[in-house]
Amino acid sequence: QVRLVESGGGLVQTGGSLRLSCAASEGDFSSYTFGWFRQAPGKEREFVASITWNHGNTDYADSAKGRFTISRDNANTVYVQMNSLKPEDTAIYYCALGPWRVGADLRNPNMYYYWGQGMQVTVSS
């Protein structure tokens, strides 16, 4: 069973930055994709960014482009650097892991098998 442990959430002012981390338990993730999703109160969970472990291919939601950067290291950890934060970025952020395959819709949360516990990000105005 894969465990995803998130860290780095918190309270920040508008225009500030946060770096979220997602550490995965040991495993071979070469055929997997990591994703970040978020869910604001009263809204559905939405895609933020994804990265394929093997090739490092990234994808971003329009709301994240130019402000967020997803990356990975060699220690089974994925990051999302969030800059120029806005109040509308306030949500619970989740890390997710799912198998990569050709044609998969990596923006669909149903494609992901494993999820972190979620952490609050609050951007004050």
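Bear in mind the structure is a predicted one, so any value in this text is a computation, not a measurement.

Q: Which parts of the structure should I look at to understand the state of the cysteines?
A: Covalent bonding between the sulfur atoms of two cysteines defines a disulfide. Tallied over the entire structure, the rule returns one disulfide. Shown here is the disulfide that connects cysteine 22 with cysteine 95, its sulfur atoms set 2.0 Å apart. Around the S-S axis, the bridge from cysteine 22 to cysteine 95 shows a dihedral of about -75 degrees and counts as left-handed. In this pair, cysteine 22 sits in strand E3 (residues 18-24) while cysteine 95 sits in strand E9 (residues 91-99), placing the two residues 73 residues apart along the sequence. Side by side, cysteine 22 and cysteine 95 carry an identical accessibility label, which is buried.

Q: Is there a simple way to think about the side chain of threonine 33 in this case?
A: Along the polypeptide, threonine 33 turns up in strand E4 (residues 32-39). On the basis of relative accessibility, which here comes to 0%, the residue threonine 33 falls in the buried class. Non-local contacts of threonine 33, meaning those with residues more than four positions away in its chain, are made with Ser50, Ile51, Thr52, Ala96, Leu97, Gly98, Trp100, Leu106 and Tyr112.

Q: Looking at this model, I keep getting lost on the packing of aromatic side chains. Mind explaining?
A: The geometry of an aromatic ring pair is captured by two quantities: the separation of the ring centres and the angle between the planes. A full pass over the atoms with the stated rule returns ten aromatic pairs. Residues phenylalanine 29 and tyrosine 32 carry aromatic rings whose centres are separated by 6.2 Å and whose planes lie at 85 degrees to one another, so their mutual orientation is edge-to-face. Taking relative accessible area as the criterion, phenylalanine 29 reaches 3% and is therefore assigned buried. Their ring planes at 75 degrees and their centres at 6.3 Å tell us that phenylalanine 29 and tryptophan 53 sit as a pair that is edge-to-face.

Q: Before we go on, may I ask you to explain the environment of glycine 27 in this structure?
A: Along the chain, glycine 27 turns up in the loop between E3 and E4. Between the C-alpha atoms of glycine 27 and tryptophan 100, which are 73 residues apart in sequence, the distance is 15 Å.

Q: Looking at this model, I keep getting lost on the sheet that holds E3. Mind explaining?
A: The antiparallel open sheet is built from four strands, whose spatial order is E1-E3-E8-E7. What marks the edges here is a single partner per strand, and that holds for strand E1 (4-7) and strand E7 (68-72). Within the sheet, the average angular offset between the axes of one strand and its neighbour, ignoring direction, is 15 degrees. Pairing between E1 and E3: four bridges, direction antiparallel. Each residue of the ladder has a partner; that of glutamate 6, found in E3, is cysteine 22.

Q: Explain the pattern of salt bridges here, please?
A: Where side chains of opposite charge bring their charged atoms close, a pairing between them can arise. Applying the stated criterion across every chain yields a total of five salt bridges. Between glutamate 46 and arginine 38 there is a salt bridge, and its shortest N-O distance comes to 2.6 Å. Here glutamate 46 falls in the partly exposed class, since its relative accessible area comes to 36%. A relative accessible area of 6% places arginine 38 in the buried class. Notably, a salt bridge pairs aspartate 89 with arginine 67, separated by 2.7 Å at the nearest N-O pair. You can see aspartate 89 sitting in the loop between strand E8 (77-82) and E9 and its partner arginine 67 sitting in the loop between strand E6 (58-60) and E7, a full 22 residues away along the chain. Residue class for arginine 67 comes out buried when judged on its relative accessible area of 10%. Through salt bridges with shared partners, one network takes in Arg38, Glu46, Arg67 and Asp89.

Each value, and the rule that gives it
Residues numbered from 1 in each chain as written. Predicted model: local features only at pLDDT ≥ 70, side-chain atom pairs only at ≥ 80, totals over all residues. Heavy atoms only, no water. Disulfide = S-S within 2.5 Å. Helix = DSSP H or I, 4+ residues; strand = E, 2+ residues; numbered from the N terminus. Buried < 20%, exposed > 50% of the residue type's maximum accessible area, 1.4 Å probe, protein only. Contact = heavy atoms within 4.5 Å. Phe/Tyr/Trp six-rings, centres within 6.5 Å; stacked < 30°, edge-to-face > 60°. Pairing = 2+ DSSP bridges. Axes fitted to C-alpha atoms, helices over the stretch in contact; angles between N-to-C directions. Salt bridge = Lys/Arg side-chain N within 4 Å of Asp/Glu carboxyl O.

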